[in-house]
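Residue-level structure breakdown
Each chain, written out:
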Amino acid sequence: PQLPQGWPGFRLHYRYRNTVYAIEVRAAEAGALLVDGQIIEGNTLQLVDDGASHHALLHVARRQEPAVSAEREETQSKTIP
């Protein structure tokens, strides 16, 4: 997953049958997923219908865009008929 440039993150509440998930997504240096304080491998949240409330925190690593020098930057002009 990726966040738009400039977004620090977002929060949402998701209901899965009888279970509510409070999900928080944040921009970070490295990716990580924690569910109820426990680190989970990967970035996939496995939904469980246990009737409890759960908190998921997803840290999304920012992509480092390479700097483009003015010499290498291509001009992109288009003509509209």
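The structure reproduced in this document is the subject of the present report. Treat the numbers as computed from the prediction; the structure is a model and nothing was measured. (Residues numbered from 1 in each chain as written. Predicted model: local features only at pLDDT ≥ 70, side-chain atom pairs only at ≥ 80, totals over all residues. Heavy atoms only, no water.)

**Some details on the overall build of the protein**
Of regular secondary structure, the protein possesses zero helices and five strands. Each of the 81 residues in the protein was classed as buried or not, and the buried ones make up 17%. Partitioning the intrachain contacts of the protein with sequence separation of at least 6 by distance along the chain shows that 61% fall at a separation of at least 24. (Helix = DSSP H or I, 4+ residues; strand = E, 2+ residues; numbered from the N terminus. Buried < 20%, exposed > 50% of the residue type's maximum accessible area, 1.4 Å probe, protein only. Contact = heavy atoms within 4.5 Å.)

**Quick look at the sheet that holds strand β3 (residues 32-35)**
Pairing within the open sheet is mixed, and its five strands lie in the order β1-β2-β5-β3-β4. Unpaired on one side and paired on the other, β1 (9-16) and β4 (38-40) mark the two borders of the sheet. Strand after strand, the sheet turns through a mean of 25° between neighbouring axes, direction not considered. For strand β2 (residues 19-28) and strand β5 (residues 53-61), the ladder comprises nine bridges, and the chain directions are parallel. Looking across to β5, one finds that V25 is bridged to L58. (Pairing = 2+ DSSP bridges. Axes fitted to C-alpha atoms, helices over the stretch in contact; angles between N-to-C directions.)

**Quick notes on the packing of aromatic side chains**
Ring pairs (aromatic) are described by centroid distance and by the angle formed between their planes. One pass over the structure, following the stated rule, counts one aromatic pair. A centroid spacing of 6.2 Å and a plane angle of 80° characterise the contact between W7 and F10, whose relative ring orientation is edge-to-face. Look at W7 and you get partly exposed, because its relative accessible area is 42%. (Phe/Tyr/Trp six-rings, centres within 6.5 Å; stacked < 30°, edge-to-face > 60°.)

**Section: the pattern of salt bridges**
As enumerated under the stated definition, the model contains two salt bridges in all. Notably, a salt bridge pairs E24 with R11, separated by 3.8 Å at the nearest N-O pair. Here the residue E24 occupies a position in strand β2, and R11 occupies one in strand β1, the gap between them amounting to 13 residues. For E24, the salt bridge identified is with R26, shortest N-O distance 2.8 Å. On the accessibility criterion, E24 (12% relative accessible area) is buried. A relative accessible area of 36% places R26 in the partly exposed class. (Salt bridge = Lys/Arg side-chain N within 4 Å of Asp/Glu carboxyl O.)

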